[in-house]
Amino acid sequence: MADTNSGRDGRGASDTGGTGASEALPGPGPDMAAERCAGGKPRGRRVAAASLVALAALATGCEPGTAAGAQDVPPVRATQAAAPTPSPFLTAPAPTTEDAEPSTAPPPSPSASTAAPAPTTARPAPEPSTAPPPRVLMRTGSESERVRELQARLRQIGHFGRNPTGYYGSVTADAVRSFQAKRRLPVTGSTDAVTWQRLLAMTRVPTSAELDPPTERPVAAPDERCLKGRVLCISKKSRTLAWMNDGKVVSAMDVRFGSEYTPTREGVFEVFWKSRDHVSTLYDTPMPYALFFSGGQAVHYSADFAANGYGGASHGCVNVRDKKKVAALFDQVKNGDKVVVSW
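Report on the accompanying structure. Since the structure is predicted, the reported quantities are computational estimates derived from the model, not experimental observations.

So, about the sheet that holds strand E3 (residues 230-235). With mixed pairing, nine strands are arranged side by side in an open sheet as E6-E11-E3-E4-E5-E10-E9-E8-E7. Looking at strand neighbours, the two that pair on one side only are strand E6 (267-270) and strand E7 (273-279), the edges of this open sheet. Neighbour-to-neighbour, the strand axes of this sheet turn through a mean angle of 30°, independent of strand direction. Pairing between E3 and strand E4 (residues 240-245): six bridges, direction antiparallel. Each residue of the ladder has a partner; that of Ser235, found in E4, is Thr240. Packed on one face of the sheet, helix H8 (residues 323-332) meets E3, E4, strand E5 (248-256), E7, strand E8 (286-294), strand E9 (297-301) and strand E10 (318-320) and runs near 50° to E8.

Right under this line is the structure:
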């Protein structure tokens, strides 16, 4: 046991008497400690070398590795040494795409916040149909034999209450709307291909009497002035016109007259002017197949009469609503033929 008061070690050497390498070291190195534990004596060179190695390690900031399974231990730092800079080699570099192995872990299940929205029950709006609408065959303003057949067929099933005229007016349009509504077709008032085919399937071919009835009203007994010669015999009472030849009725047709403010004149007259495509200069109104008999008054076709019936009146002329009949009459009547207008 060393004498703590003598200042010497076991061999009597003084600790303060020289400038040995051990005085420059902060403490015994690991080799010296090992030698002392083994009972040996430290040598100066080995101690100095070990001390230099320790100093070099502290100066370069190197840290001892951690044994497998060891707990985290703070690194040994030298007194008055700067904080060591972490080595970039302590953290393993992230693997590149080529080096990375595919993960075998299952994909994470979606959380409640990222769950797919529940499907809605709303149905998408139907796309508009690209099919073209049915072709319109007849509409308001049309005038033809097919219109006459349309009217006769509508009359067969109770949708048209008048004699066919061949003119497509408001009365015919209303009859077509009634037919379309009852059959759950688009209610347009125009006769398209679908409406026409449905009507054909429900009716028969009209007879000549259905297509060209004499008149809507019975022809009145002729005035005695109508019994001789070629006469246009016109009755305000029956509202009919009879084209007569020596007391025989050649053809008959419905007519209407002027209002109380523009009455049709009564008496015996003669046809003095025929104008096939006449237009009134006073009223700017078409007067086809006009047979003038008294001033500006004439027998002529009236589209308004064909369309609206007896709901209107003329400005004094004798209106005919059957264009086919008045056209035939125009071709037969000559200037000078008699005209009789009576009650």
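Having seen the model, we can carry on.
What follows is about the packing of aromatic side chains. If you walk through the whole model with that rule in mind, you get five aromatic pairs. A centroid spacing of 6.4 Å and a plane angle of 45° characterise the contact between Phe272 and Phe292, whose relative ring orientation is tilted. Taken together, the residues span a long stretch of sequence, with Phe272 in the loop between E6 and E7 and Phe292 in strand E8 at a distance of 20 residues. Relative accessible area serves as the criterion here: at 4%, Phe292 is assigned to the buried category. These aromatic residues form a ring-pair network of at least three members: Phe272, Trp273 and Phe292.

A few words now on the pattern of salt bridges. Counting across every chain of the model gives 15 salt bridges. Notably, a salt bridge pairs Asp174 with Arg177, separated by 2.8 Å at the nearest N-O pair. Of this pair, Asp174 and Arg177 both sit in helix H4 (residues 170-182), three residues apart, which is roughly one turn of the helix. For the salt bridge of Arg230 with Asp337, the shortest nitrogen-to-oxygen distance reads 3.2 Å. Here Asp337 lies in the loop between H8 and strand E11 (338-342) and Arg230 lies in strand E3, a separation of 107 residues in the sequence. With a relative accessible area of 8%, Asp337 lands in the buried category. The network of salt bridges with common partners includes Glu145, Arg148, Asp212, Asp322 and Lys324.

Let us look at the environment of Ser259. With respect to the element layout, Ser259 can be found in the loop between E5 and E6. Overall, the relative accessible area of 26% leaves Ser259 in the partly exposed class. Ser259 sits 55 residues away from Ser314 along the chain, and the two C-alpha atoms are 6.5 Å apart. Setting aside residues up to four positions removed in sequence, Ser259 forms contacts with Ala313 and Ser314.

Here is what the cut-offs are and how they apply
Every chain's residues receive numbers from 1 upward, in the order its sequence appears when written. This being a predicted model, a pLDDT of at least 70 is required before a residue's local features are given, and a value of 80 or more before pairs of side-chain atoms are given or counted; all residues contribute to the totals for chains, interfaces and linings. For the side-chain quantities, the full set of heavy atoms in the structure was used; hydrogens and water were omitted. Strands pair, by our definition, only if DSSP identifies at least two bridges between them. Strands here mean DSSP runs of E at least two residues long; helices mean DSSP runs of H or I at least four residues long; both are numbered from the N terminus. Helix axes are fitted only over the stretch in contact, all axes being lines through C-alpha atoms; the angle between N-to-C directions runs from 0 to 180 degrees. It only takes one pair of heavy atoms within 4.5 Å for two residues to be counted as in contact. For Phe, Tyr and Trp, rings pair up if their centres lie within 6.5 Å, where Trp contributes its six-membered ring, and each pair is then called stacked (planes under 30 degrees apart), edge-to-face (over 60) or tilted (otherwise). Residue burial is assigned from relative accessible area. The probe radius is 1.4 Å, only protein chains are included, and a residue is buried under 20% of its type maximum, exposed over 50%, and partly exposed in between. Any Lys or Arg side-chain nitrogen found within 4 Å of a carboxyl oxygen on Asp or Glu counts as a salt bridge.

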